[in-house]
Amino acid sequence: MEEGGSRIRRRVSARKRNRSLEGICASPPATQSLTGADQEEEAGAGSRRRKTVGLEPGQQSDSEEDMFGDSYTENSFLAQVDALEQKYMQSPEHRKHVTDFATEDLCSESIQNKLGITAVSNLSGSKMNEDAKNQIGHDVPVEPGDGLLFEVPSSQVLYFEHLQNTSNDLGHQSTEERDRNSHKTADEDLSCTRLEQPQQNDEFTSTVKDTSEMSRTKSVKDHLKSAMTGNAKAQTPVFSRSKHFKETLLSEEISVAKRAIESSSDDLGPFYSLPSKVRDLYAQFRGIEKLYEWQHTCLTLGSVQKRKNLIYSLPTSGGKTLVAEILMLQELLCRKKDVLMILPYVAIVQEKISGLSSFGIELGFFVEEYAGSKGKFPPTKRREKKSLYIATIEKGHSLVNSLIESGRISTLGLIVVDELHMIGEGSRGAVLEMTLSKVLYTSKTTQIIGMSATLSNVEDLQEFLKAEYYTSQFRPVELKEYLKINDTIYEVDSKAADGLTFSRLINYKYSDALKKMDPDHLVALVTEVIPSYSCLVFCPSKKNCENVAEMLCKFLSKDCLKHREKEKHEVIKNLRNISNGNMCPVLKRTIPFGVAYHHSGLTSDERKLLEEAYSTGVLCLFTCTSTLAAGVNLPARRVILRAPYVAQEFLKRNQYKQMIGRAGRAGIDTVGESILILQEKDKEQVLELINRPLENCYSHLVQEFTKGIQSLFLSLIGLKIATNLDDIYQFVNGTFFGVQQKVLLKEKSLWEITVDSLRYLTEKGLLQKDSQNSEEGSHCHFHITKLGRASFKGTIDLAYCDILYKDLKKGLEGLVLESFLHLVYLVTPYDVGSQCNPDWMVYFRQFNQLSPAEQTIAAFLGISESFIGKKAAGQAIRKNVDKGIINRLYLSFVLYSLLKENNIWSVSEKFNMPRGYVQNVLTGAASFASCVLHFCEGRAKQLYNAGYKSLKHLANANPEVLVRTIDHLSRRQAKQIVSSAKMLLHEKAEALQEEAEELLRLPPDFPGMGDSATEQA
């Protein structure tokens, strides 16, 4: 016995020396069953060891049959343990002394190490904890030689010591502690065991002997099988094998796809160089099982696989966006680059964010919104996961600027531009052109993809973007075009002599009252499709949308009221909820018939709710303006154009194609119909409209002077992309405007326009020459001034930057802080103010309600009460007052009322404005406030860098020290800054004091207060 014990102790000591060193240096992963030293020792003692069954974690099965299917083979671990058990149980000396519990624990520890699973407390749950408590203090004598303990690895023998020390803790710990400990991983337990082993060497023999009195009749085989089965079936909250397996599979597929996409092989992998999971997600989220033939052709183009720039054009509803999404996913998952998607409107950005967020969650990338006041510049830099930025045209430009400035433009692997034809539409087109030009100039690795349904002069765009071109006339649903003149409907037919063929007469019984109310036969046209199918009626103006919706509901059949009646009542209820109980009376009357209007007068929440109801078929008819055609995707069986006009302007070919493109829903309709209603007088113009080609797309870079070429030059110098005349001229030559200069420039050359623009910016104080050269000095360098940098950073329209600077400077000298009105005025957008037409009676009424301090602000701006009163009375005024200031102050009243009341409905009613317009003013003010913040950052940074990091610092500052410390700060401005800070600090202190007094004051409804008052009386 002593000889055997010494042999065990020698083995344990040798093992513990190795393990103590390994435990200090590093803890091996749970899946690794033996270290290098262990393997050498195992080889040396091979004749005395049994073969064990080792499973990788990924091979674990929840099935008991799978786990134990080969447990009783000749060389299996359990078979050998069973044989040993029978041998020792038959021996009279050991029958009462060798307990199954010891063997069970040893075997459990062995399996635990082999499987890489959690500790014993997790193997058999609360039952094992109870067993551990019951077994403490009992002896188990062990014989050497061929004995059980000698046959198992010494690491399993050491488990006894660990169990003895931990079982006391297990018996006393709370339920929360047990739960927490049960979540530890195997490598943590193993590491912990190894660190504790050196402290327990001397206690080993006594520990084994202390457990001799306990005997259990249950066999090792059965209990071990039960424990392992319980562990296999147990829920593990930290690690999910299936999830881990899926993530591993996705990672491997992405690696394979990445290798495939980088090779020149024709094999594109499971799904266009993407993991098969992407295909499954499209089937799950979009119901897309198979791509159209043109989509497959486009994605397999040689130019696309070589990452060349691409422009592709198809009719509306042809499936253009899906191709772009697959290319974006390739960039995000396989090439590990960020992607920017530029969309024309905020509503479309939000729709796309909603549609792609689920893909981001499943595939492991971020989807970030850059619209309105949302977006961070520069964007957050991420180590592993990549980002998909979905932005409006303006926000996309700011994002690209910030990436260039921070030297991160190369991280942008792909830019996708939807509605590329907008590059030829006013100031927004100029901004889009600047964005793409900067990317082409600064990053040779960024791919550009442009798509549109209405492109004409593609050659110019190809030359500008250095892009390939792909087009198709595919439409998933056939579109039939009709014209209606009086009560006759003609089909558009290019083969006919005059382009029209007779189709049919409208056969609908009209009463005299109906003829008077509906001369265009709209009721007859819509009742042919609704409520079973959907219909869009495009109207020239917002007011006309509402009038047509009400007119239709007066003459629609009462059967329309019963169609999905409950859902329509739910829509009305939801509209009330989002509007604090308010509801538009027109919508209240039309929604029960399944009809609603859709234009910018709706709030964003109302618009989303109505669009969702239309998409699900609860609403079957929208009367809408042309903006819906370029906005969110709301297709219909029939599209009716109320007139060939948008407001007062005759319809353009591009607009017409976009509107009729909404006809026909893929997967729902077999055919789509468009009907254009016209009068005899417009017939010739309409025939020309439907037969002529699409309008050409022209650059607006020079036409939009302050928002175009001047703004471009300022940002080029500010970002140090080009700082001398030669480089700037070369840059402009590469723009879309440079490509079209022969067509667009008649009087001046591009060189002359470049020189004139730089001279204008220099005279305005936004740029400064580094050296004075002769006129032909093409190497003259420029640098940006502080005002120029503030304008560039704040993305302020250069037409307003000097006005904003004067307003802020003037405001600093006489800023009124007794109310927020002055601050609200400073962040009211200039461009929105120029489009405003005040209601003078409302203006006069609101002016009279101002406090004396607020009237001081109006006087400070040069607007008197008598001026507003005379305007309200319709009297002539000789005094010349700036119209821009008058309009901005009026909108300031709107925003100030919104700030105080926080209810769009009451404010829109008070100022007689559409609620959607009020919300747009608010959104514009929030965006402009962000611009003003960036515009003013220079001064704020100066103060911060000088050590004035809080309001408290400024309130206690010495104006004289500020003047000496801060550049270009006058003494008057310094005093104003200090006094303003003191006032704000004082207001904050008073507010806190009032709050403290209110907290300490006894509540008026305190129990017993009434009784004591009665007693005192």
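Parameters and conventions
Residues numbered from 1 in each chain as written. Predicted model: local features only at pLDDT ≥ 70, side-chain atom pairs only at ≥ 80, totals over all residues. Heavy atoms only, no water. Patch = residues over 30% accessible without salt bridge, like charges linked within 9 Å, V, L, I, M, F, W, Y side chains within 5 Å. Areas by Shrake-Rupley, 256 points an atom, 1.4 Å probe, with all protein chains shown as cover. Salt bridge = Lys/Arg side-chain N within 4 Å of Asp/Glu carboxyl O. Helix = DSSP H or I, 4+ residues; strand = E, 2+ residues; numbered from the N terminus. Pairing = 2+ DSSP bridges. Axes fitted to C-alpha atoms, helices over the stretch in contact; angles between N-to-C directions. Contact = heavy atoms within 4.5 Å. Phe/Tyr/Trp six-rings, centres within 6.5 Å; stacked < 30°, edge-to-face > 60°. Buried < 20%, exposed > 50% of the residue type's maximum accessible area, 1.4 Å probe, protein only. Lys NZ or Arg CZ within 6 Å of the ring centre and 35° of its normal. Parallel < 35°, antiparallel > 145°, perpendicular 65-115°, else oblique. Left-handed = near helix turned anticlockwise from the far one by under 90°. Nonpolar A, V, L, I, M, F, W, Y, C, P; charged D, E, K, R; others polar. Core = buried A, V, L, I, M, F, W, Y, C linked by side-chain atoms within 4.5 Å.

Visitor: Just checking my understanding: could you explain a nonpolar patch on the surface for this structure?
Guide: A contiguous nonpolar surface patch, about 300 Å² in accessible area, is contributed by Phe820, Leu823 and Leu899. With respect to the secondary-structure elements, leucine 823 resides in helix H41 (residues 821-826).

Visitor: Where do I start with the sheet that holds strand S13 (residues 621-624) in this structure?
Guide: The strands making up a sheet associate through backbone hydrogen bonding, with each pair oriented either parallel or antiparallel. Read across the sheet, eight strands follow the order S10-S9-S8-S17-S14-S11-S13-S12 without closing on themselves; strand pairing throughout is mixed. The two strands at the open ends of the sheet, each matched to only one other strand, are strand S10 (500-505) and strand S12 (595-598). Going across the sheet, the axis of each strand differs from the next one's by a mean of 25°, ignoring polarity. The pairing of S12 with S13 spans four bridges and is classified as parallel. Bridge assignment links alanine 596 to a residue of S13, and that residue is phenylalanine 622. Along the sheet face, helix H33 (residues 683-691) touches strand S8 (478-485), strand S9 (488-492), S10 and strand S17 (671-678) and points at about 170° away from the line of S8.

Visitor: What is the right way to read the packing of aromatic side chains from this model?
Guide: Any two aromatic rings considered together are summarised by their centre-to-centre distance and by the angle between their planes. Taken as a whole, this structure holds 22 aromatic pairs when the rule is applied. Between tyrosine 370 and tyrosine 389, the aromatic rings sit 5.7 Å apart at their centres with planes inclined by 90°, giving edge-to-face as the arrangement. Taken together, the residues span a long stretch of sequence, with tyrosine 370 in strand S3 (residues 366-370) and tyrosine 389 in strand S4 (residues 387-391) at a distance of 19 residues. Since its relative accessible area comes to 0%, tyrosine 389 is described here as buried. Both rings, one in tyrosine 890 and one in phenylalanine 911, keep their centres 5.8 Å apart while their planes meet at 80°; by these two values the pair is edge-to-face. A residue pair is termed long-range when its members are at least 10 positions apart, and tyrosine 890 in helix H46 (residues 883-901) and phenylalanine 911 in the loop between helix H47 (904-910) and helix H48 (915-945) qualify at 21 residues. Tyrosine 890 gets classed as buried once you look at its relative accessible area, which sits at 1%. The aromatic ring of phenylalanine 366 is capped on one face by lysine 385, whose charged end is 5.6 Å from the ring centroid.

Visitor: Explain the packing of helix H28 (residues 565-578) against helix H30 (residues 604-615) here, please?
Guide: To describe two helices that pack against each other, one gives the angle between their axes and the distance between the axes. Two elements in contact, H28 and H30, have axes separated by 10 Å at closest approach and are oriented at 165°. Compared by their axis directions, H28 and H30 come out roughly antiparallel. With respect to the hand of their crossing, H28 and H30 are arranged in right-handed fashion. For the pair H28 and H30, contact is made by Val571, Asn574, Leu575 and Ile578 and by Asp605, Glu606, Leu609, Leu610 and Ala613, respectively. Among the residues forming the contact of H28 with H30, the class breakdown is six nonpolar, one polar and two charged.

Visitor: Would you mind showing me how to read the nonpolar core here?
Guide: Within soluble globular proteins, side chains that are nonpolar tend to cluster in buried spots. One finds Leu340, Leu436, Leu465, Phe713 and Ile863 to be the most contacted residues of the largest nonpolar core, which totals 110 residues. With nine residues, the top contributor of residues to this core is H46. Not counting residues within four places of it along the chain, the set of residues in contact with leucine 465 comprises Asn309, Ile311, Leu420, Leu436, Leu440 and Ile448. Met583, Leu619, Leu641 and Trp905 belong to the second-largest nonpolar core, a separate cluster that totals 75 residues.

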